[in-house]
Amino acid sequence: MSQYLLRRLLIAVPSLLGISIILFTILALAPGDPFGELATNPAVPPEVRAALREKFGLNDPVYVRYLRWLMAMSQGDWGFSFVSRVDVDVLILQRLPTTLIVIGASQVLALLIALPVGTYAATRPYSLFDQVANTLAFVGFSLPTFFTGIVFILIFSVTLDWLPFVYRSEIDATGFAFVWGHIKQAIMPVAVLGLFQGASWTRFVRSAVLDVVRLDYVTTARAKGLAERVVIMKHIVRNALIPVVTLVALQMPIVFGGAIVTEQIFRIPGIGSLLISSILANDTPVIMAVTFVFACLVILFNLIADILYGWLDPRISYR
Amino acid sequence: MDARTAEPLLEISGLKTYFKTDDGTVRAVDGVDLAIGRGEVLGVVGESGCGKSVTAHTVLKLIQMPPGKINDGRILWQGRDLVPLDLEEMRKIRSKEIAIIFQEPMTSLNPVYTVGEQIAEVVREHEHASRREALDRAVEMLRLVQIPTPERRVHDYPHQFSGGMRQRVMIAMALSCNPKLLIADEPTTALDVTIQAQILDLLGEMKERFGMAIMLITHDMGVVAETAQRVVVMYAGRVVEEASVEELFDRPLHPYTQGLIRSIPRVDRAADQRARLEAISGTVPSLLDPPPGCRFAARCKFATAACTQAAPDLREVEPGHKVACILY
Amino acid sequence: MAGSTRASPIVEPATGVPIAVAAPRRHVTPGREAWRRFRRHRLAVLSAGILMTMIVAVVFGPLIWRVPINEIDFAAMLESPSWAHPLGTDDLGQDLLARMMYGGRISLAVGLAAMTMAVVVGTLVGAVAGVSRGRVDAGLMWLTDLFLSLPQLPLLLLIIYLFRDSLKEVAGPEMGTFVLIVVVIGGFRWMPVARLVRAQFFSLRERDFVEAARALGASTLRQVVRHILPNALGPVIVAGTIDVAAAIIAESTLSFLGLGFPPDIPTWGRILYDAKDYLDVAPHWALFAGGAIFLAVLSINYIGDGLRDALDPRRVM
């Protein structure tokens, strides 16, 4: 198992390097000066600009610039935000927990929906429940998150006035009211993301369970005289989780995409809304760093999925 | 043989198992009668698709319902009909009284649990044993089926065993609660020839030790000749002949049985004498709304017009020898 | 999935007990058989009808409904649907029906163009990997996996942020954005197709007819075009259909984030973006735009599901 883990870790390194190269290539290919703000700022005289270019090493060959950028990134020197006048890493670390909490909570919600619904539907294929669940799943993952978010605001904030539609990091209350305030404002974003993911995962779970249900060892389990509940939980769902983990890992980029949109709609102060606001403000160092952080998160979650996979399937970790 | 005259262990009569499909009803088992006495080895032979496996699965109600359904008949287990039993009551019979092993040892074990856990699970379910006791039983069972160093092997996963070894594990699992009947559904079909003999020997040894009856389902007449005491021949969802193994090989009555026996390659005859291996011409009829009459009629060289009118009943033409054919 | 067929002449009653059913079937061509299977998926047929209606509406609708998309009328701001404005008006009194039809053209065009891009790139990568095997194959598959784990939306945003101004200068605001969005969305969706095509290569190249063609001395290119690609067509069509839906969502997302087409070009996502600040007074504005995206995407997904039943019956997902 530890050997398997080590191997997965080693595979993650070239992926990270690959992503950093792609990122840097995009930046290098971009027309104009990446430090465009300085270039267009008339207050900066040409000689100063040239000196700055020299200082930032912008006249060096591409690979030198890439290596220098990579070294700086890996040492935690992520540059300085043009707009907020703060170090980029400070800015990101401030915002990251919120994003992770919202994403984490929504994934838990998605699992809580997908596992029971998908399993129940698959054990009664073509029943009324299965057909209703399937239709809802199709509707769920065809609804773009930005539209669901707006519909939710329309219903729960505008019409019913139950939930706030602007997320605030500071809540002027203490004790229970403070906690409730936080939960209340998180309900809609978490629901929007969680329902969307839950819909596609329900389909994954259903089809994985359907695949397992017809396997011989399930018949063996029934022939043993085990209760149907045990057969389903221990011999069907447990095995169906293996392909589901793979599919869920492949969905991670989409999950983060959804998080960006959701943060933007509900104005959640996470790194997704930071990315949008820095793009609108031409804040290149922040944009680069946030994109890279998203890439790292995807790889991190893939790694977690790999570990889960090795844990779920003894055939993998023993190989 | 004597066992049959006393109360049989399992007596199936008029069993019909149908499957509903988009194209119509498949009559997989269409009026099967058979009985097994205590400690008896009954061979059930027939081509693939003749309903022998479905019969076996029906006894334990392991068929998927729907689309499957037991349309008619009785399955008397020690005098008690299993057909009307609900799942809870069936569970107490599965593995505890009637156990089953399957054709594919490679896929019959759950890949994510150790073999010890999979054996212990049965013991815990039926004997309410503690984890420790159940695992000890698993070790003991693995030793009985001659798996080397069973104390270590209980903690291994199925993928760490070969096909023959996995079938041994399946046998260990099936016998762990000392059932009165073991249904072996083509237990050697998926194995290499040398391993096949070993598994059959093991089944014989286990029978000596535990004294259970065995219902051995196979398409291999050689396996039947070696192992069984009595044989039931099935064709297209029905029993066509039943006799003791000596009687059946000496005097097969049904034209289909005769064809089956002629199609066994014989090594004891010299090559020049050896008749060409005789295959039965034609194909098995569709079980989807099959025609009335004898289902073998289309392939039978003795068939007359009467054969396509009504299906012949299974009749005892000699003591212990039954056949379903108008010739007798 | 819903209403998907369980058509199979061989009954496998889930017990692992195969029952041979020698059901005589008359010979049918693959195309006809596929159409028969597609028709059994009633929701897919219904969806195909809805999508065709939407396409006809956005293509020919503007020829009948001749209200300009940018006619500002402050006397008719944020109006609910009426005979004069069947879908109501926006905050500038512009007619939403006209804007929706215009936006639909762009959304559907982006979807189709990005799908084409994804399928072409994917087929190329998959075919090259499948033909060359060995090192090149391993490298291309590593690249495919890498692309699969890229955070697509952030990168999409980054690329559009960096390149949109220069492309606008070259190709004009509308065309420049269109090309950029199509290339970028397509460039992030080729991986499933590449995997499918490559998998087809590996499963097909050992089959008899490809062997026969090779024995007859057919060139690699000829083998690929004549024998392998047609066989990979089914799964690729299914993947391509889903890509159209994904591309429509991606384009709407970009527009919704204010980073897609310029503000004066009313795509569905852009209309929704503008509408979101008027939810309390003019909810119809957001609902029509969002509903159109939803309906198009849902129909395409159902059509993809029906096509999967029809063309790729082995795969469940």
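Just so it is clear, the model here is predicted, and its values are computed rather than measured.

Reading guide: rules and limits
Residues numbered from 1 in each chain as written. Chains lettered and ligands numbered in written order. Predicted model: local features only at pLDDT ≥ 70, side-chain atom pairs only at ≥ 80, totals over all residues. pLDDT = per-residue confidence, 0-100. Helix = DSSP H or I, 4+ residues; strand = E, 2+ residues; numbered from the N terminus. Pairing = 2+ DSSP bridges. Axes fitted to C-alpha atoms, helices over the stretch in contact; angles between N-to-C directions. Contact = placed C-beta atoms within 7 Å. Parallel < 35°, antiparallel > 145°, perpendicular 65-115°, else oblique. Left-handed = near helix turned anticlockwise from the far one by under 90°. Core = buried A, V, L, I, M, F, W, Y, C linked by C-beta atoms within 7 Å. Buried ≥ 20, exposed ≤ 12 C-beta atoms within 10 Å, placed from the backbone.

Remarks on the confidence of the model for chain A
Detailed reading of predicted coordinates is not advised where the pLDDT is low. This prediction gives chain A a mean pLDDT of 83; 89% of its residues lie at or above 70. By mean pLDDT, the top-scoring element of chain A is helix α9 (residues 216–223) of chain A (91), and the lowest-scoring one is helix α2 (residues 36–40) of chain A (53).

Here's the deal with the sheet that holds strand β9 (residues 230–235) of chain B
Residues and elements named next belong to chain B. Spatial ordering of the open sheet is given by β6-β7-β8-β3-β9-β10-β12-β11, a layout of eight strands whose pairing is mixed. The sheet terminates laterally at β6 (98–101) and β11 (315–318), the two strands that pair on one side only. This sheet shows a mean twist of 20° between the axes of neighbouring strands, independent of strand direction. Where β11 lies against strand β12 (residues 321–323), three bridges are found, and the strand directions are antiparallel. Bridged to R315 within β12 is V323. Sitting on the sheet, helix α12 (residues 255–262) is in contact with β9 and β10 (238–244), with an inclination near 105° to β9.

Observations regarding the packing of helix α1 (residues 2–29) of chain A against helix α12 (residues 284–312) of chain A
Residues and elements named next belong to chain A. At a closest axis distance of 10 Å, the pairing of α1 and α12 adopts a crossing angle of 160°. Judged on the interaxial angle alone, α12 and α1 are roughly antiparallel. Our pair here, α1 against α12, has a crossing hand that is right-handed. In contact with Y4, L5, R8, A12, S15, L16, I19, L23 and L27 of α1, α12 contributes M288, T291, F292, A295, C296, I299, L303, D306, I307 and G310.

As for unusual backbone geometry
The backbone of Y126 of chain A sits at a positive phi, close to 70°, despite the residue not being glycine. Backbone geometry places H128 of chain B, a non-glycine residue, at a positive phi of 50°.

Quick notes on the nonpolar core
Among the nonpolar cores identified, the biggest contains 262 residues, and V209 and V290 of chain A, L181 and M215 of chain B together with L272 and A289 of chain C are the most heavily contacted of them. Once you skip the residues sitting within four places of it in the chain, V209 of chain A turns out to touch G118, T119, A122, T123, I236, V237 and A240 of chain A.

Describing the sheet that holds strand β4 (residues 68–77) of chain B
The strands making up a sheet associate through backbone hydrogen bonding, with each pair oriented either parallel or antiparallel. All names here are of chain B. Read across the sheet, four strands follow the order β2-β1-β4-β5 without closing on themselves; strand pairing throughout is antiparallel. The open sheet has two free edges, formed respectively by β2 (24–36) and β5 (80–81), since each of these has just one partner strand. Running over the sheet, helix α2 (residues 52–59) touches β1 (10–21), β2 and β4 and is turned about 75° from β2.

Focus: the environment of L233 of chain C
Residues and elements named next belong to chain C. Within the fold, L233 resides in helix α9 (residues 220–256). Here L233 falls in the partly exposed class, since 15 other C-beta atoms lie within 10 Å of it. Measuring from C-alpha to C-alpha, the distance between L233 and L196 comes to 9.5 Å, with 37 residues separating the pair along the chain.

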